[in-house]
Amino acid sequence: MMNKKLHFFQSIHFKIALVFALLLFLAFQIVGAVFVQRLRNENLKQFKQSVEMPAYVNSLLVTQLTEADTTEANDKIKNILEDINNNNISDLQIIDAKGVIRGEINVNNRSVIGQKSTNTYVKQVLYSGRTFTQTTYNERTNQRYYVSITPLFNNNGNNNSTVVGAIYIRANLESVYDSVNDVTVIFVTAALIATAIGLALAILISNAITRPIDEMKKQTARIARGDYSGQVHIYGSDELGQLAQAVNNLSTRVQEAQEGIESERRRLDLILAHMSDGVIATDRGGKITIINEMACESLDVTPDEVRGKSILDVLNIRDKYSIRELLESQDELILDELNSRRDQILNANFSLIQRRSGFIIGIVCVLHDITEQQRIDRERRQFVSNVSHELRTPLTSMRSYIEALNEGAWKDEEIAPTFLKVTQEETDRMIRMINDLLSLSRMDLGKVELDLELVNLNELFNYILNRFDMMLEKDNNDTREIKKNYTIKRDFTDKDLWVEIDTDKIIQVVDNIMNNAIKYSPDGGVITCRLLETHNHVIMSISDQGLGMPKKELAHIFERFYRVDKARSRAQGGTGLGLAISKEVIEMHHGRIWVDSTEGKGSTFYISLPYEEYAEGDLWDEE
Ligand code: ADP
């Protein structure tokens, strides 16, 4: 549209020239018309004056007309008329009061003297005594005539003057009109020439005016196309120059604004792309216009797939909400547990995009993945319920024992010590559990710091296992619950493996796993302990020949309170927290703990810790 070629006749250029020329022409016309009119009137006036008889001739004629001797008078009149040498007059008649023609000047030389005038106007003048004038047009000869009939009065000293005759004059007006026409022709010619020159000048001038306008038009068209490189040439400091300057400024501003918008858009794109929340923007009708990567990922769609589709369908909430409801609710709408195609729980937060006037342009929906949050919440609730349950069981059994003692069992020397022992054991277990819970809680809160030292793991592992061997030896006077025979086999690397660990905590972990191995092993089982190194890890493993565990349980046994066989664990005094604590401790060491087990055959627990081999001299160099 902008680039439509302008016809020359449609251009301002032409219009200015045309208006200018027309104005010039009109001005000439008006001036000419007034001038010609005045000239004609003036000429006519002069002409009329020139054909009127002078006063002295009139009085001479009056004298002759009042003479009684008409023949003599007629001769005198003839003489008087002959003296009048007026070329303008083509017909002249002297008529007496009776209407008889007494003298004449006639171009046709056909004498009518003595005849009665047939002209009615003459009669009128003779009767009324008032001058009569008329302009006539002879169609045959195509000529205009001026006719004047003037009464002649006999003014004999007193007031009563009488009409004694009339002078009839007929004069050809063409000479007057011819001269006026000549002037008119000159005038029109001059006007046409002036208009033509004016038009040419106007074209030149308007060209000077419209050239900058034309340039500005082209520049604005370029701006509209997004090309800001051009500049309008500034020809002067007049209004057009200022306009050109304004166009140049506009061009710069538009460019700046455009660049601003562009970089803003890029920034927005970047923000949207890197947001950890999904963002969907729609138009007024709820059709999706923008969707970021995260939203696509959460909803398992591609941007092209959903662009233009209704947000209700994409979020699968058409049966719960309408676009109107989303638009009209000024508050944010939170859709909990919005089921996406994946096993994810998304929280959709809707807000409106509005113009300053309040007009709603669309909706923005922010999708927040709350799966993890929900999982943590669930786990927390589960944990609280587990703790309560774990504490209630021993307390209930203790109460029944105490009740029994209270009801008289304390007197029974055989039962009483057993009951008291069970109560004590349950109390011990509860204390252990609460201690375990406390240390787990401290680790959760990040309050536990490792007391790291460089330890030869070969030596440490050996030391721990030696303690278990010794426990076996003094088994007879031991008060522990575990009274079982077992053999510990060692399969260790010869190398000293120096690792940086919190010795007490690692001892606690190995103790726990060893205790479990003994707990869940048959009497006389062999427990094989291995120590080996990979290029950046040391791995300790403890294998038993016990019950083992079903494969599906393996993933869970490091969870808090998780026990494969609850009754058995409890009977053995287990808290169900040992492996959970072990896992936390090993992970604090940036290590890993896992289990491999075959049901009925036994289990192997592995602990791997990061290890960096020191050159022989390194240790001594440090000191
Ligand atoms: P508990 O105090 O019950 O032993 P743990 O956290 O130490 O708690 O162990 C969790 C569960 O893992 C135990 O209840 C048991 O079912 C299983 N478990 C642990 N070690 C072994 C093992 N060596 N053999 C078989 N099952 C085991």
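Predicted model only: the values in this text are computed from it and were never measured.

**Student:** An account of the UniProt feature "transmembrane region" (unreviewed entry) in the protein chain is needed here, citing residue identities and associated values.
**Tutor:** Per the UniProt record, the feature "transmembrane region" (unreviewed entry) sits at residues 185-209. For residues 185-209, the helix share is 100%, the strand share is 0%, and the end-to-end C-alpha distance is 35 Å.

**Student:** Account for unusual backbone geometry, with residues named and values stated.
**Tutor:** Even without a glycine there, the phi angle at Phe561 is positive, about 70 degrees. Inspection of the secondary structure assignment puts Phe561 in the loop between α15 (551-554) and α16 (566-571). Of note, the phi angle at His590 is positive, near 60 degrees, even though the residue is not glycine. You can see His590 is positioned in the loop between α17 (578-588) and β16 (592-598).

**Student:** Quick rundown of the packing of helix α12 (residues 415-444) against α17? Include the residues and the values.
**Tutor:** The N-to-C vectors of α12 and α17 enclose an angle of 30 degrees; their axes lie 10 Å apart at closest approach. The angle between α12 and α17 places the two elements in the roughly parallel class. Considering how the two elements wind past one another, α12 and α17 form a crossing that is left-handed. Contacts between α12 and α17 involve Asp436, Ser439, Leu440, Met443 and Asp444 from the first element and Ala580, Ile581, Glu584, Val585 and Met588 from the second.

**Student:** Provide a residue-level description of the site of the ligand, including the pertinent values.
**Tutor:** Surveying the vicinity of the ligand reveals 20 residues, the closest of which are Asn516, Asp544, Ser569, Thr575 and Leu579. Separating an oxygen atom of the ligand from a side-chain N or O atom of Asn516 is a distance of 2.8 Å. One nitrogen or oxygen atom from the side chain of Ser603 is found 3.4 Å from a nitrogen atom belonging to the ligand. Protein chains bury 97% of the 530 Å² of accessible surface belonging to the ligand in isolation. Here the ligand is seated within the largest pocket.

**Student:** Can you tell me about the pairing of strand β5 (residues 162-172), naming the residues and giving the values?
**Tutor:** With seven bridges connecting them, strand β1 (residues 89-96) and β5 associate as antiparallel partners. Residue Ile89 lies in a different strand from β5, and its bridge partner there is Ala171. With 10 bridges connecting them, strand β4 (residues 143-154) and β5 associate as antiparallel partners. The partner of Thr150 across the bridge, within β5, is Ile167.

**Student:** Describe a nonpolar patch on the surface, and please don't skip the residues or the numbers.
**Tutor:** The grouping of Ile12, Ile16, Ile193, Ile197, Leu201, Leu204, Ile205, Ile209 and Ile213 at the surface amounts to a nonpolar patch, some 760 Å² of accessible area in total. Ranked by residues supplied to the nonpolar patch, first place goes to helix α5 (residues 174-225) with seven residues. Judged by its relative accessible area of 44%, Ile12 is partly exposed.

**Student:** Would you mind going over the sheet that holds β1 in detail, with residue names and values included?
**Tutor:** Paired through their backbone hydrogen bonds, the strands of a sheet run either parallel or antiparallel. Here five strands make up an open sheet; going across it, the order is β2-β1-β5-β4-β3 and the pairing antiparallel. This sheet does not close on itself; its edge strands, each paired only once, are β2 (101-106) and β3 (132-138). Here the strands of the sheet are splayed against their neighbours by 15 degrees on average, with no regard to which way each runs. Where β3 and β4 come together, seven bridges link them in antiparallel fashion. The residue of β4 that forms the bridge with Phe132 is Ile149. Contacts from helix α1 (residues 12-51) reach β1, β4 and β5 within the one sheet, and its direction differs from that of β5 by about 130 degrees.

**Student:** Pulling in residues and values, what's your account of the packing of helix α13 (residues 457-473) against helix α14 (residues 503-519)?
**Tutor:** Two numbers describe how α13 lies on α14: the axes approach to 10 Å, and their chain directions differ by 45 degrees. By the angle between their directions, the pair α13 and α14 is classed as oblique. The element α13 and its partner α14 pack so that their crossing is right-handed. Between α13, through Leu460, Phe461, Tyr463, Ile464, Leu465, Arg467 and Phe468, and α14, the contact on the second element is made entirely by Thr503, Ile506, Ile507, Val510, Asp511, Met514, Asn515 and Ile518. Across the contact of α13 with α14, the residue classes break down as 11 nonpolar, two polar and two charged.

**Student:** Describe α17, listing the residues and the values that go with them.
**Tutor:** When we look at burial in α17, the residues that qualify are Gly578, Leu579, Ala580, Ile581, Ser582, Val585 and Ile586. The elements touched by buried residues of α17 are α12, α14, β16 and β17 (602-610). In the segment just after α17, His590 is the residue with positive phi, at about 60 degrees.

**Student:** I'd like a rundown of the environment of Gly198, residues and numbers included.
**Tutor:** With respect to the helices and strands, Gly198 occurs in helix α5. Gly198 sits in the buried class, given a relative accessible area of 5%. Distance from Gly198 to Ala17, taken between C-alpha atoms, is 8.3 Å for residues 181 residues apart in sequence. Beyond its immediate sequence surroundings of up to four residues, Gly198 is in contact with Phe20 and Leu24.

**Student:** Now, about the nonpolar core: what can you tell me, with residues and values included?
**Tutor:** Ranked by size, the top nonpolar core spans 51 residues in total, and within it Leu457, Phe461, Met514, Cys529, Met540, Ile542 and Leu609 carry the most contacts. With eight residues, α14 is the largest single contributor of residues to this core.

**Student:** Could you give an account of the UniProt feature "domain: PAS" (unreviewed entry) in the protein chain, naming the residues involved and the relevant values?
**Tutor:** Mapped onto this numbering, the UniProt entry annotates "domain: PAS" (unreviewed entry) at residues 264-328. Across residues 264-328, the secondary structure splits into 51% helix and 14% strand, with the terminal C-alpha atoms separated by 29 Å.

**Student:** Provide a residue-level description of the layout of surface pockets, including the pertinent values.
**Tutor:** Space left empty within the atom packing is revealed by a probe, the size of a water molecule, rolled over the atoms. Put simply, the largest pocket is a space of about 980 Å³. Looking at the largest pocket, it is lined by 39 residues, and the ones nearest its centre are Asn512, Asn515, Asn516, Lys519 and Gly574. Those elements giving two or more residues to the lining of the largest pocket turn out to be α12, α14, α16, α17 and β17. Across the lining of the largest pocket, the residue classes break down as 14 nonpolar, 14 polar and 11 charged. Here the second largest pocket is characterised by a volume of approximately 680 Å³. In this structure, the second largest pocket is lined by 20 residues; those nearest its centre are Glu379, Arg380, Gln382, Phe383 and Arg560. Looking at the lining of the second largest pocket, the element that brings in the most residues is helix α11 (residues 371-406), giving 11 residues. Taken together, the residues of the lining of the second largest pocket sort by class into six nonpolar, four polar and 10 charged.

**Student:** Could you give me a rundown of the sheet that holds β17, with the residues and numbers involved?
**Tutor:** An order of β12-β14-β15-β17-β16 is seen for the five strands of this open sheet, with the pairing classed as mixed. Here the strands that pair on one side only, and so sit at the sheet edges, are β12 (486-492) and β16. Neighbour-to-neighbour, the strand axes of the sheet open up by a mean angle of 15 degrees, direction not taken into account. Sheet analysis places strand β15 (residues 537-543) next to β17, joined by seven bridges and oriented antiparallel. Of the residues in β17, the one forming a bridge with His537 is Pro610. Here α13 sits on the sheet and contacts β12, β14 (525-533), β15 and β17; the angle it forms with β12, its principal contact strand, is near 165 degrees. Where α14 meets the sheet, it contacts β12, β14, β15, β16 and β17, and its direction lies at approximately 30 degrees from that of β15.

Parameters at a glance
Residues numbered from 1 in each chain as written. Predicted model: local features only at pLDDT ≥ 70, side-chain atom pairs only at ≥ 80, totals over all residues. Heavy atoms only, no water. UniProt positions renumbered as here; feature names shortened; annotations may be inferred. Helix = DSSP H or I, 4+ residues; strand = E, 2+ residues; numbered from the N terminus. Axes fitted to C-alpha atoms, helices over the stretch in contact; angles between N-to-C directions. Parallel < 35°, antiparallel > 145°, perpendicular 65-115°, else oblique. Left-handed = near helix turned anticlockwise from the far one by under 90°. Contact = heavy atoms within 4.5 Å. Near = heavy atom within 4 Å. Polar contact = N/O pair within 3.5 Å; in protein donor to acceptor, adjacent residues only side chain to side chain. Areas by Shrake-Rupley, 256 points an atom, 1.4 Å probe, with all protein chains shown as cover. 1 Å grid on protein atoms, 1.4 Å probe; cavity = no way out; pocket = protein on both sides within 12 Å on 5 of 7 lines; lining within 4 Å. Sits in = over half its atoms within 2 Å of the grid points. Pairing = 2+ DSSP bridges. Patch = residues over 30% accessible without salt bridge, like charges linked within 9 Å, V, L, I, M, F, W, Y side chains within 5 Å. Salt bridge = Lys/Arg side-chain N within 4 Å of Asp/Glu carboxyl O. Buried < 20%, exposed > 50% of the residue type's maximum accessible area, 1.4 Å probe, protein only. Nonpolar A, V, L, I, M, F, W, Y, C, P; charged D, E, K, R; others polar. Core = buried A, V, L, I, M, F, W, Y, C linked by side-chain atoms within 4.5 Å. Points joined across faces, edges and corners; volume = space filled by probe spheres on them.

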